[in-house]
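Coordinate inspection notes
Spelled out from the first residue to the last, the chains are:
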4 protein chains.
Amino acid sequence: MAGRNFLFVPGPSNVPDRVLRAQVVSMEDHRSPKFPSLWEQIAPGLKKLFRTTTGTPFVFPSSGTGCWEAAVTNTLSPGDKVLASRFGQFSHLWIDMCTRLGLDVEVIDVEWGTGVPADQYAERLKADTGHQIKAVLACHNETATGVSSDIAAVRKALNDAKHPALLFVDTVSGLGSIDFRFDDWGVDMAVSGSQKGLMLPAGLGVLCASQKALELRTTAKMKRCYFDLGDMINANATGYFPYTPALSLFYGLIEALKVIEEEGLDNIIARHTYLAEGCRAAVQKGWGLQLCAKDPKWYSNTVSAVMVPEGFNGADVISRAYHRYNVSLGAGLSKVAGKLFRIGHLGDLNEVHLSAGIVGAEMAMLDVGIKVQPGSGIAAASEYWRNNEPPAGLLKRW
Amino acid sequence: MAGRNFLFVPGPSNVPDRVLRAQVVSMEDHRSPKFPSLWEQIAPGLKKLFRTTTGTPFVFPSSGTGCWEAAVTNTLSPGDKVLASRFGQFSHLWIDMCTRLGLDVEVIDVEWGTGVPADQYAERLKADTGHQIKAVLACHNETATGVSSDIAAVRKALNDAKHPALLFVDTVSGLGSIDFRFDDWGVDMAVSGSQKGLMLPAGLGVLCASQKALELRTTAKMKRCYFDLGDMINANATGYFPYTPALSLFYGLIEALKVIEEEGLDNIIARHTYLAEGCRAAVQKGWGLQLCAKDPKWYSNTVSAVMVPEGFNGADVISRAYHRYNVSLGAGLSKVAGKLFRIGHLGDLNEVHLSAGIVGAEMAMLDVGIKVQPGSGIAAASEYWRNNEPPAGLLKRW
Amino acid sequence: MAGRNFLFVPGPSNVPDRVLRAQVVSMEDHRSPKFPSLWEQIAPGLKKLFRTTTGTPFVFPSSGTGCWEAAVTNTLSPGDKVLASRFGQFSHLWIDMCTRLGLDVEVIDVEWGTGVPADQYAERLKADTGHQIKAVLACHNETATGVSSDIAAVRKALNDAKHPALLFVDTVSGLGSIDFRFDDWGVDMAVSGSQKGLMLPAGLGVLCASQKALELRTTAKMKRCYFDLGDMINANATGYFPYTPALSLFYGLIEALKVIEEEGLDNIIARHTYLAEGCRAAVQKGWGLQLCAKDPKWYSNTVSAVMVPEGFNGADVISRAYHRYNVSLGAGLSKVAGKLFRIGHLGDLNEVHLSAGIVGAEMAMLDVGIKVQPGSGIAAASEYWRNNEPPAGLLKRW
Amino acid sequence: MAGRNFLFVPGPSNVPDRVLRAQVVSMEDHRSPKFPSLWEQIAPGLKKLFRTTTGTPFVFPSSGTGCWEAAVTNTLSPGDKVLASRFGQFSHLWIDMCTRLGLDVEVIDVEWGTGVPADQYAERLKADTGHQIKAVLACHNETATGVSSDIAAVRKALNDAKHPALLFVDTVSGLGSIDFRFDDWGVDMAVSGSQKGLMLPAGLGVLCASQKALELRTTAKMKRCYFDLGDMINANATGYFPYTPALSLFYGLIEALKVIEEEGLDNIIARHTYLAEGCRAAVQKGWGLQLCAKDPKWYSNTVSAVMVPEGFNGADVISRAYHRYNVSLGAGLSKVAGKLFRIGHLGDLNEVHLSAGIVGAEMAMLDVGIKVQPGSGIAAASEYWRNNEPPAGLLKRW
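Here the structure is a predicted model, which is why all the values come from computation and not from measurement. (Residues numbered from 1 in each chain as written. Chains lettered and ligands numbered in written order. Predicted model: local features only at pLDDT ≥ 70, side-chain atom pairs only at ≥ 80, totals over all residues. Heavy atoms only, no water.)

Structural notes on the sheet that holds strand S13 (residues 340–344) of chain D
Backbone-to-backbone hydrogen bonds join strands into a sheet, with any given pair of strands oriented parallel or antiparallel. All names here are of chain D. Ordered in space as S1-S12-S13-S11, the four strands form an open sheet in which the pairing is mixed. In the strand order of this sheet, the two ends are held by strand S1 (6–8) and strand S11 (303–307), each with one partner. In this sheet, adjacent strand axes meet at a mean angle of 35 degrees when their direction is disregarded. Two elements, strand S12 (residues 327–331) and S13, share two bridges in a ladder whose sense is antiparallel. Within S13, the position partnered with Ala 331 by the bridge is Phe 341. The strands touched by helix H12 (residues 351–368) are S1, S12 and S13; relative to S1, the strand with the most contacts, the crossing angle is about 85 degrees. (Pairing = 2+ DSSP bridges. Helix = DSSP H or I, 4+ residues; strand = E, 2+ residues; numbered from the N terminus. Axes fitted to C-alpha atoms, helices over the stretch in contact; angles between N-to-C directions. Contact = heavy atoms within 4.5 Å.)

Shown next, in the form of structure tokens:
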């Protein structure tokens, strides 16, 4: 099929050319004297990305899902109670994993389109005077509904209740794109992956652990080996790994961290806000459609889930966009299947690139019969972008 | 700068991933027994691309400019008269080359925005009963003004006058994008380059020569060595080259020819028409602006030169698009400097990709004060694309 | 440092250019209609590689170590007894994993330099009339000592004892290089990784499971989620994956499987034998040194572990080779640390490439004071290669 | 065919991974404000490479052959006399070009295996009191015979005769590998290409011109356009080019110049000497064969041309090495066809890499019946390398 595919799923995101290029490497001995220089370049960059000076970053040959497993198995024991909330497919899946791994998960189900119910967490934690709850799970950015949650509020709930439970955060589609503060928010385990804000192919799970979390390794009874942090800590101490690391992705990661350093994390976050605002202008002002996120406070700056009008199927829009315009949109998953389509706007992106996605979605909607005004998406988005201060990362230096 | 650069100059065009990838090769011996297999894959593909069974294709490590030189020096003698027309920077430059190389160029200057004046050629050729004119030059696609010319009409002028002059065609920005027919049009030398319809980086000059043209090598007195076709013919006969060929580009060329074969040349041409129509709808119906091309018969399907309204400078639009939106538009050159900007729409492109260029140009125009309706470009272009049959190359097979 | 690094560790192995190139891909939606075409290209190739028609292949974003975990956790329950033997660092590590995951491992320690003690297995299995042993572990190719084991003999021991235990085989450094027969040998779980015979970067764990093994999923009580085969089976059934797959490595894997198909698995195995014989000639006839493998029946065709003479440290040879000649040799691990160095000869390799490793090792040995005859390694290896029929894969077709 | 091809032709040379990688770039506008930054990175690096502060470097999309043409056509007029010497295929071809372009070439034929006859040049220049000779041609490194010439001696001959003729030097296979001193030697035009010491794919011609040479542009009557230095100077002045430059090669060139800068030109030259000495030890001491170069003063450090014994055909060795061992050796050309084979040892190379070529050549010789002692090549080469101080570029920094 002629022409590029335009990728607007909320991950994997587009890989910048220089990161693509960096992965074209010959293999090398992962036990060589030179090898530790890789980790020396990676670890500090990851710490900056997590905004931590006290946490310890880890990289696994895995997806982000693997790091969910690492987070719980290295800190908890079978039957331990954890508190979690469900409001989308990815918050659901982590809960499902915990259950399958033998934890006792107390689930607070809230409406899809909202996020972590910090007030309900606060109540529950206050009530748990016996500290039965060993960990609290929070999904920073629910990719399925385009909802971001207030992790600082969860920390506050823990603090207010003087509750010692660990705080586990899934920031797979948040890290490196929207504000994430490991230290400020007192996060104990933060989980991410390579294929979102890190702008790499999938294949690396990324984890950050607090000192408190790491100390629990000795008492945590859940079985683990591949994802054992102890093995990782011992090997990483000298820059090596307990098993063969994914070398080409490591080189990509080093370059991606340079890209991030050059733009600046604050600028990147500002850029994601700015681009997301343009996209939301297209959806709401241009097309007159609703987002799945119920309230601006839940709006995600990495993905917009667009509700299709009654009588239409989001899957038809996605199919049309894909087959006819070579645009990949995200599908509605589980409860919201068919009810929405998603436009990912994370990673290496600028206004006109995102415009291609908006145009593709608009044409696909029109083709399946959704009455939006042709050109209205771009009219609204471009007005936003033109009339607002662009983030530093979008200003050319030449 | 975050986000991809969106390239809408009329060449170099975007390199498809698979063509990019194909160039990642280790070096090899250009005198090895295997080496001829490369040319065996290239030559037939080039012949199909030129639509010739009788012509001989050549590839030089050079730009298209080098093949202009090859075309004239291998067939003509110092002082020979050639007939040419000038209506843009590139038709000008070939004339300039001929003059500098010692030919007697009879130039017909016509208005920029029109193309080869076939009727004036016809008159002139009829009048040249002594056959002083040894060659006729025609620019198939004037990249500077977005004008395509009718080469068949030039052939007809030659035939009607029973004139033996050679027909030289510059199809640098036409070949592989708009209809070109070496055999049907009786072309004697057709010149192109790698960085346009062939979707490669620049670095290869591509030439096709008729049998008649090649026979003149023995009598042509113009000095040549690097671009000597005799050396090339001798070496190519066994699949080799008179000097070290540009190996990585050769591998890219082989892949590009496969891409072309898979889409089908007719489909590619139809796709360029379809995309160009959408772009022209944006310019004319959406923005209410004029093209440099004076009449639909001159409209180029590889590049649209957009006249900016009085009081504005096209260079400002281009600069704004580049610095603020990371969109590369083509500049007005020479006579039309400042009066226009150009949107290239050739090579590996689809609707939403081109939309990014339209959006970028629109935002840049608005930013410099040109009053166009926000969203109007996309409104018009998308209406065209949605309401017309897409070419086969834009229909996904999955 | 000028010049290439020459990599002779027994994995990662050298990535062929075409496989390197194949990984230069833009990201795509792993839920697109096209995506299943990837798995459709991968699964049949893996089945051929495992020589199975009845087994089910799996690919995880992990190292081979992860697939060790997948093999046991999907089939066994806590406290289950498994029978294993230890004769090198990698057979040790799998045993260690089993223990840590809560299995009751009965370990037979045999001399390093020998392999799986099939006779002792036979005895033990016959004695286990109550079928307490649920699985038998066998390391097909012990990378640490350069020892290959007779897996067919283990199957025979199971059959002779009419024992229903599962047969788990670690063929990380065997698959795709030395003969491996999933169906013929009645293997139940075979574990491998991408960075050895598959000639890819590390990052993919590869597993093959028998129907019998898969049926145990429902009764196996070991906790698992990331490595759960049920999730994989459900998703793979339609060509998808339970979490984001490692796309660039997938494209590399598809190409690697084509490379293997083109050479032919039998030819590849013959080539590994042929190259290994040359290497062993260098070690034994040329240098007069011993291999760690105690007997020809244990000789590995993917790696030769060379014992350094008394009074010398293998680490010095390795360090010298690395720092002075840019040659990466494998180190002695654990029990054999310092006593040997290893020359990996697996994957995409030919005679002269391996010669570079032999020359590097020879120069390094001489530099640290080991008295070998200069040139003797190549004299012996090249005599072997010149006087024996080369495998088809080393005969050029041009 | 399994395993890498080992390339030992004297160009193209092996492309380092990082240079290969650097060429994986998207296309960009060659008239953008950013574009001049490329030339700003290239020009100073080329000047250092030519060891000039007064010369002006040029890069053409061409082979080195094109720059031969640029050198003469920009400085001379038809019928001008030039003095040249012939002792190999490449010195021959430049002479042939000059003749075909209409110059009056006075050729001194000397024995193949010797180089520029500086003494005969001196005589001839002294005798030319009328200064009819406008330029003197010298081939710095005759790739066909493995002969380097003393360019300083040619300059001395010119100076001693107080002769104003221009000094043109072909250093295609010398630059960046063996000592070349544009300023010290008073060179007026130095010609090279991308695929030798610059470690790039072929496709760029590289030229350096003295101020004196450039001033002749206005009076030089030879016709030129593609290779006109005036156009280049005008465009380069602001960092642009008169026609579309070969972008991917430019990015490769920038990286190659960094590689050169990092190793250091003196170190590179020392490394070429050191590797060449090892190769010559293999040929002379190991195999007991002769080089084509008649005397040590002619020995080239980039290529060794090895005479095969009477009764054997060098082409058979080459064919055997290629088909059986995947080693590409250089052929004997023209007068020396069949009499020799060539081992190129230039560019990104180290001891063990070159060893692979020596082993391949040795096995091929043995296979065709040439009686050399197996292993003797490596014995001699490795003894040289082990017993001599390695150049800094071969010492690993880790």
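Focus on the relation of the copies chain B and chain C
Of the transformation superimposing chain B on chain C, the axial component is 0.0 Å and the angular component is 180 degrees, with the fit at an RMSD of 0.0 Å. On this basis, the relationship between the two copies can be described by a two-fold rotation axis. Taking C-alpha positions as the reference, the residue of chain B nearest the rotation axis is Arg 21 of chain B, at 2.8 Å. Most of the interface of chain B is mirrored in chain C, where 100% of its interface residues again form contacts. (Least-squares fit on C-alpha atoms with pLDDT ≥ 70 in both.)

Comments concerning the interface of chain B and chain A
Facing the 46 residues of chain B at the interface are 46 residues of chain A. Taken together, both faces of the contact between chain B and chain A bury some 4,000 Å²; the carbon and sulfur share is 57%. Across the chain B-chain A interface, the total number found is six salt bridges. Here Glu 351 of chain A ties to Arg 324 of chain B by a salt bridge, and the two come within 2.6 Å at their closest N and O atoms. Across the chain B-chain A interface, the total number found is 15 residue pairs in polar contact (both at pLDDT 80 or more). Contributing elements (two or more residues each) for the side of chain B that touches chain A: helix H10 (265–286), helix H11 (314–325), helix H12 (351–368) and helix H13 (376–386) of chain B. Considering each element in turn, the side of chain B that touches chain A owes the most residues, eleven residues, to H12 of chain B. A class-by-class count of the residues in the side of chain B that touches chain A yields 22 nonpolar, eleven polar and 13 charged. (Buried area = accessible area lost by both parts, 1.4 Å probe. Salt bridge = Lys/Arg side-chain N within 4 Å of Asp/Glu carboxyl O. Polar contact = N/O pair within 3.5 Å; in protein donor to acceptor, adjacent residues only side chain to side chain. Nonpolar A, V, L, I, M, F, W, Y, C, P; charged D, E, K, R; others polar.)

Here we look at the sheet that holds strand S1 (residues 6–8) of chain A
Residues and elements named next belong to chain A. Spatially, four strands are ordered S1-S12-S13-S11 in an open sheet, and the strand pairing comes out mixed. The open sheet has two edge strands, S1 and strand S11 (303–307), and neither has a second partner. Adjacent strand axes in the sheet meet at a mean angle of 35 degrees, parallel and antiparallel pairs treated alike. One ladder, built from three bridges, connects S1 with strand S12 (residues 327–331); its direction is parallel. When the sheet's bridge partners are listed, Phe 6 is paired in S12 with Val 327.

Brief notes about the packing of helix H10 (residues 265–286) of chain A against helix H12 (residues 351–368) of chain A
All names here are of chain A. Contact pair H10 / H12: the axes reach a minimum separation of 11 Å and the direction vectors enclose 30 degrees. One finds that H10 runs roughly parallel with respect to H12. Pair H10 / H12 crosses with right-handed handedness. Of the residues in H12, those in contact with Tyr 274, Leu 275, Cys 279 and Ala 282 of H10 are Glu 351, Leu 354 and Ile 358. In terms of residue class, the contact of H10 with H12 is made up of six nonpolar, no polar and one charged. (Parallel < 35°, antiparallel > 145°, perpendicular 65-115°, else oblique. Left-handed = near helix turned anticlockwise from the far one by under 90°.)

Points about the environment of His 272 of chain C
Residue and element names in this part refer to chain C. The topology assignment puts His 272 in helix H10 (residues 265–286). By relative accessible area, His 272 is classed as buried at 1%. Taking C-alpha positions, His 272 is 6.2 Å from Ser 177, a pair spaced 95 residues apart along the chain. Dropping the residues within four chain positions of it, His 272 is found in contact with Gly 176, Ser 177, Asn 301, Thr 302, His 345, Leu 346 and Gly 347. Among the polar contacts listed, one links the side chain of His 272 to the backbone nitrogen of Gly 347, at a separation of 2.9 Å. (Buried < 20%, exposed > 50% of the residue type's maximum accessible area, 1.4 Å probe, protein only.)

That's the geometry; what it means functionally is another story.
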